[in-house]
Amino acid sequence: MSKIPKNPNEIFEEIIHDFKALFSDDLVSIILYGSAASGDYIPGKSDINLMVVLSDEEIEHIDKAFKAIAKWQKRKVAVPLFLTEQYIETSTDVFPIEYLNFQRNHMLLYGKDVLSELTFDRHDVRLQCEREIKGKLLILREAYLESKGKGKALKEVIVHSFQAFLALFTSLLFFKEKDVPLENREIVSSVSHEYGLDSELLNQLLDIKEEKTKLNDIEMKTL
């Protein structure tokens, strides 16, 4: 029976072996990102997120990975992002928030670090920040109504949305040319200071995400 790793490091060697066997010299990189790279990994709850970078030719043959993906999904490894170097290099203007966060929080497991030298235009960052914030406001309103004000449902909304907002916060700090802290609460503190946000509220939401507090339905609805 496949076991979910207590520490993601336990499985990296085998993952590298499997993908090298599949793609050989066309495998450019394997990069870890997300909670397993940031130190926020929770066994059994967190997915292990990978970016697999292939040559331009081999990206057309990702079906080779069907069995490997099915194998690793049983151990909480999410379906990897399969990319090429060219795709990454030509996507920083379209998805600057995502690549800023990849760059800030990743671990190279194999091959070339294709993220470390990426550069970003502040105009592109500002534009995506505005688009994402306005879009997420609409989604949050919809999710709030769908929750019917029930505490459990609202908790799910908070838990699933807060990580996306942390990504936005790091990009907002980049836009103001501020250093981005590594720790989530420091990010909250910094972005609250720079943009006049309610840090107490944001820390309460982070407490819920990290399961450091429990609120009843009325308290959750008020929050």
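Here the structure is shown first, and the text comes after it.
Residues numbered from 1 in each chain as written. Predicted model: local features only at pLDDT ≥ 70, side-chain atom pairs only at ≥ 80, totals over all residues. Heavy atoms only, no water.

Caption draft 1: Molecular detail of the overall build of the protein. When its secondary structure is counted, the protein shows 10 helices and 4 strands. In summary, the protein has a C-alpha radius of gyration of 19 Å against a globular reference of 17 Å for 223 residues, a match within 12%. Projected onto the principal axes, the alpha-carbon positions of the protein cover approximately 55 × 45 × 30 Å. Burial analysis of the protein (223 residues in total) assigns 39% to the buried set. Nonlocal contacts in the protein, meaning residues at least 24 apart in sequence, comprise 68% of its contacts between residues at least 6 apart. Split by element, the accessible area of the protein, about 13200 Å² in all, is 53% carbon and sulfur. Within the protein, the 38 negative side-chain charges are centred at a point lying 8 Å from the centre of the 29 positive side-chain charges. (Helix = DSSP H or I, 4+ residues; strand = E, 2+ residues; numbered from the N terminus. Rg over C-alpha atoms; globule rule 2.2 N^0.38 Å. Buried < 20%, exposed > 50% of the residue type's maximum accessible area, 1.4 Å probe, protein only. Contact = heavy atoms within 4.5 Å. Areas by Shrake-Rupley, 256 points an atom, 1.4 Å probe, with all protein chains shown as cover. Lys, Arg positive; Asp, Glu negative; His and termini not counted. Charge placed at Lys NZ, Arg CZ, Asp CG, Glu CD.)

Caption draft 2: The sheet that holds strand β1 (residues 27–33), seen in detail. In space, the 4 strands of this open sheet follow the order β3-β2-β1-β4, with mixed pairing throughout. In this open sheet, the two strands that pair with only one neighbour each are β3 (81–84) and β4 (106–111). Looking at each pair of strands side by side, their axes are set apart by 25° on average, direction ignored. Taken together, the 5 bridges between β1 and β4 define a ladder with antiparallel strand orientation. In the strand pairing of β4, I30 is matched with Y110. Each of β1, β2 (49–54), β3 and β4 is contacted by helix α5 (residues 96–104), which is oriented at about 75° to β4, the strand it contacts most. (Pairing = 2+ DSSP bridges. Axes fitted to C-alpha atoms, helices over the stretch in contact; angles between N-to-C directions.)

Caption draft 3: Just the nonpolar core, in detail. Core analysis: the biggest nonpolar cluster contains 34 residues, and M51, I88, Y99, V114, L115, F162 and F169 have the highest contact counts within it. Of all the secondary-structure elements, those providing two or more residues to this core are β1, β2, α5, α6 (122–146), α7 (151–175), α8 (184–195) and α9 (199–209). With 9 residues, α7 is the single largest residue contributor to this core. Excluding its chain neighbours within four sequence positions, the residues that come into contact with F169 are I187, V191, L197 and L202. Listed in part, the 23 residues of the second largest apolar core include I48, L54, V77 and F82. (Core = buried A, V, L, I, M, F, W, Y, C linked by side-chain atoms within 4.5 Å.)

Caption draft 4: Highlighting α9. Of all the positions in α9, only L202, L205, L206 and I208 are classed as buried. Considered in projection along α9, the buried side chains sweep an arc of 155° and stay on one side of the axis. With a side-chain oxygen lying 3.2 Å from the backbone nitrogen of E200, the N-terminal cap of α9 falls on D198. Just beyond α9, the residue with positive phi is E211, at close to 55°. (Arc of directions from axis to C-beta. Polar contact = N/O pair within 3.5 Å; in protein donor to acceptor, adjacent residues only side chain to side chain.)

Caption draft 5: View of the pattern of salt bridges. Across all of its chains, the model carries 15 salt bridges by this definition. We note a salt bridge from D207 to R185, for which the minimum N-O separation is 2.5 Å. Residue D207 is located in helix α9, and its partner R185 is located in helix α8; the two are separated by 22 residues in the primary sequence. Linked through salt bridges whose partners overlap, the residues forming this network are R185, D207, E210 and K212. (Salt bridge = Lys/Arg side-chain N within 4 Å of Asp/Glu carboxyl O.)

Caption draft 6: View of the pairing of β1. Where burial is concerned, most of β1 is hidden: 7 out of the 7 residues are buried. When β1 meets β2, the two strands line up antiparallel, connected through 6 bridges. Pairing of L32 across the sheet is with L50, part of β2.

Caption draft 7: Here's a closer look at unusual backbone geometry. In this structure, S24 takes a positive phi of about 50° despite not being glycine. Tracing the sequence through the fold places S24 in the loop between α1 (9–23) and β1. On the accessibility criterion, S24 (44% relative accessible area) is partly exposed. Even without being glycine, K76 reaches a positive phi, approximately 70°. Within the secondary structure, K76 is located in the loop between α3 (66–73) and β3.

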